[in-house]
Each structure stands twice: as structure tokens, then as C-alpha cells.
Amino acid sequence: DTGVSQNPRHKITKRGQNVTFRCDPISEHNRLYWYRQTLGQGPEFLTYFQNEAQLEKSRLLSDRFSAERPKGSFSTLEIQRTEQGDSAMYLCASSLGLAQETQYFGPGTRLLVL
Amino acid sequence: AQSVTQLGSHVSVSEGALVLLRCNYSSSVPPYLFWYVQYPNQGLQLLLKYTSAATLVKGINGFEAEFKKSETSFHLTKPSAHMSDAAEYFCAVSGTGGYQKVTFGTGTKLQVIP
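Topic: the overall build of chain A
Secondary structure summary: chain A contains zero helices and 11 strands in total. N-terminal to C-terminal, the α/β element order of chain A is β-β-β-β-β-β-β-β-β-β-β. The dimensions of chain A, computed from C-alpha atoms along their principal axes, are 40 × 25 × 25 Å. When contacts within chain A are restricted to residue pairs at least 6 apart in sequence, long-range pairs at least 24 apart make up 53% of them. Accessible area of chain A: about 5700 Å², with a carbon and sulfur share of 46%. Across chain A, the 14 positively charged side chains and the 12 negatively charged ones have centroids separated by 7 Å.

Here it is, written out as C-alpha cells:
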């Protein structure tokens, strides 16, 4: 069990640029989640995958955001035309998919939009 | 809809003193409750979870929490604080049965004074 990994760990970009983050979940985990965490706040749910199917999206996920999980393994989160308000820590978590599941979090990708 | 409220964004205790971090929840259905810890620039690590079994839940690193339905509380305690406990702690709630989104509180930063 190597845990959930996220790349890159840090990303600095200029406003208007596109960025893409990657999450590799724990290998046998069917569920994958993306959260956003801003300073002084707890993680806020963005979206959730069961295998390759994206089953829920938060209203926080504007049309500039898109997430994929091809083949039900790793996932990518893309932000198009970044804005300064997108600056945050983006956390990925995965879980087995059982009723009393625990979500295991990755270290996060910290995004700074200048 | 579910939510949690963490009382006190910052808590300071002396090394060796009791740690008490407060969490109250709101849920229209029987909840699952969680405490996570986050060290600087890291993801979240599960400390403990309540899943409708024993109301007193023991977790890692000597932490425990008690589910009190009458008070809608799930406070986190540790008898004796250690310097390594300095971190941010998040209370979280989800519904039960199948997939349920986890909603996090705003966090409490614990400072341990030597």
C-alpha cells in the first residue's frame, strides 16, 4: 500500500493559463474524490468517481473545471483559464467503496495563481 | 443536509495537559462521524471514526472521541498532549449506507506549549 499520490505537489501559474493535476489512488480503491481546501477552511467536496463514472459534482465545480478518471485508475483535474480565486490546495482521496468506508487522502497539490 | 461546527479555530494547551477539541454536528439521518488530522503541507490522516457501534471511539496516537446523540456532539480528547500533536484537526460527518458525501468542519489548530 503506497498510499494516494498527487502530482505536482506545487504549481504556480499565471491567470488565464490552464493547469492539470493528477491523482493516483490506492490500487484496489474503486472510489475517488476531489476536494478543494482554502486557507482557514476545511476541505470542500468537488467531485466523486465510482470506477470511471463521475457520479456527483459540486456546484463549486464551475464549467472551467473538468475531472476524468479513464479506466477507473488515476484521475486528472483540469482547470481552464485559471483565476486568482482558484488558488487553493487540491486534495484527492480514495476509498474501497464499502458502507463504512474511510477516505484516504493524498498530500495535495497547492495551486497559486498569480 | 449535514454539517459540523468546530468550536474554536485555535486551541492552545501545555504539554502534558488535557486536549479537548469540540465538534457539534447536524444531520437529518444517523451520521457517521470522523476526526482527521492535518500536518503542515500534508494531506489529511484519519484519527478515528464513529459508525454507530460503540459510542466511545478510540483512535490513533492516544486520541478518543465520544458520540453523544443528546448533545449532537463528537468531541475529541487526549489525556496528555505531546508536542507532536500540534496540527490542525478536522471534524467531519457523512450519512450512512452506500456512498455519502463527507462534509468537513472548518478545523481547529492545536498549539502545544512546552
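Here we look at the sheet that holds strand 3 (residues 19–24) of chain A
Residues and elements named next belong to chain A. With antiparallel pairing, four strands are arranged side by side in an open sheet as 1-3-8-7. Edge positions in the open sheet fall to strand 1 (5–7) and strand 7 (65–68), since each of these has one partner strand only. Sheet twist, expressed as the average angle between the axes of neighbouring strands with direction ignored, equals 15°.

Observations concerning the pattern of salt bridges
Residues and elements named next belong to chain A. Under the definition given, this model contains five salt bridges over all chains. Notably, a salt bridge pairs R64 with E83, separated by 3.4 Å at the nearest N-O pair. Taken together, the positions of R64 in the loop between strand 6 (53–57) and strand 7 and E83 in the loop between strand 8 (75–79) and strand 9 (88–95) put the pair 19 residues apart, joining distant regions of the chain. Here R64 falls in the buried class, since its relative accessible area comes to 10%.

Thoughts on the sheet that holds strand 7 (residues 64–68) of chain B
Residues and elements named next belong to chain B. As summarised here, the arrangement of the five strands in space is 1-3-8-7-6, forming an open sheet in which the pairing is antiparallel. Each edge of the open sheet is held by one strand with a lone partner, namely strand 1 (2–7) and strand 6 (56–58). Averaged over all pairs of adjacent strands, the angle between strand axes in this sheet comes to 20°, irrespective of strand direction. As paired strands, strand 3 (residues 19–27) and strand 8 (residues 73–78) are joined by four bridges and run antiparallel to one another. Following the sheet pairing, L20 is matched in strand 8 by T77.

Quick notes on the rules
- Residues numbered from 1 in each chain as written.
- Chains lettered and ligands numbered in written order.
- Predicted model: local features only at pLDDT ≥ 70, side-chain atom pairs only at ≥ 80, totals over all residues.
- Heavy atoms only, no water.
- Helix = DSSP H or I, 4+ residues; strand = E, 2+ residues; numbered from the N terminus.
- Contact = heavy atoms within 4.5 Å.
- Areas by Shrake-Rupley, 256 points an atom, 1.4 Å probe, with all protein chains shown as cover.
- Lys, Arg positive; Asp, Glu negative; His and termini not counted.
- Charge placed at Lys NZ, Arg CZ, Asp CG, Glu CD.
- Pairing = 2+ DSSP bridges.
- Axes fitted to C-alpha atoms, helices over the stretch in contact; angles between N-to-C directions.
- Salt bridge = Lys/Arg side-chain N within 4 Å of Asp/Glu carboxyl O.
- Buried < 20%, exposed > 50% of the residue type's maximum accessible area, 1.4 Å probe, protein only.

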